[in-house]
Amino acid sequence: MITLIINGLKVTVPEGTTILEAARRLDVEIPTLCHHEGLSPQGSCRLCMVEIEQRGRRRLVASCMFPVAEGLVVETETETVAGARRFVLGLLRDRCPRSEEIAALAARYGAKPFGRLPLGERDLCIHCDRCVRACEEEATGCIAFSFRGWARRVEGPFGEAPADCIGCGACAQVCPTGFIAVEEEGGMRKIWGKSFELLRCSACGKPFATREELVFQGLDEGDLLCDRCRKREFAASFTRGVR
Amino acid sequence: MDRDALGAILEVYDREERFLLPILQDIQERFRHLPREALTETARYLAVPESRVFAVATFYKAFSFTPKGRKPIKVCMGTACHLRGASTLLEELERELDLSVGKTTSDGQFSLETVNCLGACALAPVFTVEDRVYGKAEGRLAEILERERKS
Ligand code: FES
Ligand code: FES
């Protein structure tokens, strides 16, 4: 176990924990964008910067990537930290002027757009890579970032509807800005230019998953339970006979 | 696409993701571009998602999706060459070849592209044809290209 100090508070966590995880244990809030609990860390948005002191040196590190160390002193709200966050959010305001999520974060940290980036078509994508990691780690890895620089964009191979997409929508679920469009209507789900038929939960009747998803997870069409009903069943299996 | 040629490229490598880049380089060299079929086949061979192969293929400028000429011409736009009139050199080459940057001549012989520093700054402005380096070649362009056309 490793003991460190965050904003003057002592916390003891297992080795390999990140500063961000340790801070959350103390209910110290650190804003994040590219980080997602269910996905491997990426450290690309630089919003979660915090100041650390180690061997007498102070510096900024990305808390979502930085592993805790014995005796580490962390400050999450210094002027340097606020400056770093304002800078990142200012750039993101330029990149995604239409994103409400970014606008809200920017307002909270008093960040203004720099207005120096070339204008042009701006979408909601902040290039955090969450969708790509979700697809890679939870599904088929059918989308990725192609091209580079200004042209860099997330898409299926050859810029087409991804053949391997199973319509699970994990990418859209983890997208922090709502860039990835998913439409559900009349028992169909539309995503990445493809249409999927939704199967119904056998308990509550709600359309909830695609056939391709079930096949991918190796599940049977026999016991089709949506997340909520599955949890309910699971809980019931514990209380059964006790009540 | 010559499937045997592709097979010969692939079989040299173990089926490990780290060989993706060298495989793509070999394909580019053999076919002078990355044919779509070859990318799909590479993804299958390495058991890597096609999206990843496409991502890598579009990231590097050294790869192209349309065939480059048998003799690719690279004009340096690096700092030293820029100062010594690289843009004039490029314009002259475009005129001599009747070709714009990024394109290939209809006979498939030459293609024209720009790069940033060829590492021969003392010869600025520099361009290369295949791997032959031509420096300070103002006024000799027509002659150089004539020789290249015939060899
Ligand atoms: S959340 Fe840490 S760098 Fe994005
Ligand atoms: S700048 Fe052209 S060779 Fe270096």
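Residues numbered from 1 in each chain as written. Chains lettered and ligands numbered in written order. Predicted model: local features only at pLDDT ≥ 70, side-chain atom pairs only at ≥ 80, totals over all residues. Heavy atoms only, no water.

S.K.: Help me out: how do you make sense of the overall build of chain B in this one?
M.R.: Each helix and strand in chain B was counted, giving seven helices and four strands. Along chain B, helices and strands appear, N-terminal first, in the series α-α-α-α-β-α-α-β-β-β-α. Look at the contacts in chain B between residues 6 or more apart in sequence, and 60% of them connect residues 24 or more apart. Charge separation in chain B, taken as the distance between the mean sites of 22 positive and 24 negative side-chain charges, equals 2 Å. (Helix = DSSP H or I, 4+ residues; strand = E, 2+ residues; numbered from the N terminus. Contact = heavy atoms within 4.5 Å. Lys, Arg positive; Asp, Glu negative; His and termini not counted. Charge placed at Lys NZ, Arg CZ, Asp CG, Glu CD.)

S.K.: Looking at this structure, I do not really get the interface of chain B and chain A. What am I missing?
M.R.: With 13 residues of chain B at the interface, the matching set in chain A holds 16 residues. A combined buried area of about 1,200 Å² lies between chain B and chain A, and 62% of that area is made up of carbon and sulfur atoms. Arg52(B) is the salt-bridge partner of Glu136(A), the closest N and O atoms lying 3.2 Å from each other. If you list the elements that add at least two residues to the side of chain B that touches chain A, you get α3 (36–46) and α4 (50–59) of chain B. In terms of residues, the side of chain B that touches chain A owes the most to one element, α4(B), which gives seven residues. Its residues assigned to classes, the side of chain B that touches chain A shows six nonpolar, three polar and four charged. (Buried area = accessible area lost by both parts, 1.4 Å probe. Salt bridge = Lys/Arg side-chain N within 4 Å of Asp/Glu carboxyl O. Nonpolar A, V, L, I, M, F, W, Y, C, P; charged D, E, K, R; others polar.)

S.K.: I tried to follow helix α6 (residues 86–97) of chain B on my own but got confused; where do I start?
M.R.: The α-helix advances 3.6 residues per turn, and as a result positions three or four apart in sequence lie on the same side. All names here are of chain B. The terminal C-alpha atoms of α6 lie 16 Å apart, and with twelve residues this matches the ideal 16 Å at 1.5 Å per residue to within 8%. Buried residues of α6: Ala86, Leu89, Leu90, Leu93 and Leu97, and no others. One side of α6 holds all its buried residues, which, seen down the axis, span an arc of 100°. Close packing links the buried residues of α6 with β1 (71–76), α5 (79–83), β2 (110–115), β3 (126–129) and α7 (141–150). Downstream of α6 by one or two residues, aspartate 98 has phi in the positive range, about 55°. (Expected span 1.5 Å × (residues − 1). Buried < 20%, exposed > 50% of the residue type's maximum accessible area, 1.4 Å probe, protein only. Arc of directions from axis to C-beta.)

S.K.: When you look at the domain arrangement of chain B in this model, what are you seeing that I'm missing?
M.R.: By convention, interface size is frequently given as the accessible area that disappears when the constituent parts associate. When cut into domains, chain B gives domain 1 (3–59) and domain 2 (71–150). Summarising the inter-unit geometry, the C-alpha centres of domain 1 of chain B and domain 2 of chain B are found 29 Å apart. (Domains from an automatic or database assignment.)

S.K.: What am I meant to see in the nonpolar core here?
M.R.: Nonpolar side chains in soluble globular proteins tend to end up buried together. Grouped together as the largest cluster of nonpolar side chains are 24 residues, with contacts concentrated most on Ile23(B), Leu24(B), Ile27(B), Leu39(B) and Val53(B). Contributions of two or more residues to this core are made by α1 (3–10), α2 (20–31), α3 and α4 of chain B. Beyond its immediate sequence surroundings of up to four residues, Val53(B) is in contact with Leu20(B), Leu24(B), Leu39(B), Ala43(B) and Val48(B). Ile30(A), Cys48(A), Val61(A) and Phe66(A) belong to the second largest nonpolar core, which has 23 residues in total. (Core = buried A, V, L, I, M, F, W, Y, C linked by side-chain atoms within 4.5 Å.)

S.K.: When you look at the confidence of the model for chain B in this model, what are you seeing that I'm missing?
M.R.: Segments scoring low in pLDDT should not have their predicted coordinates read at a detailed level. Scored by pLDDT, chain B comes out at a mean of 95, with 100% of its residues at no less than 70. Complex prediction metrics read pTM 0.85 and ipTM 0.85. (pLDDT = per-residue confidence, 0-100.)

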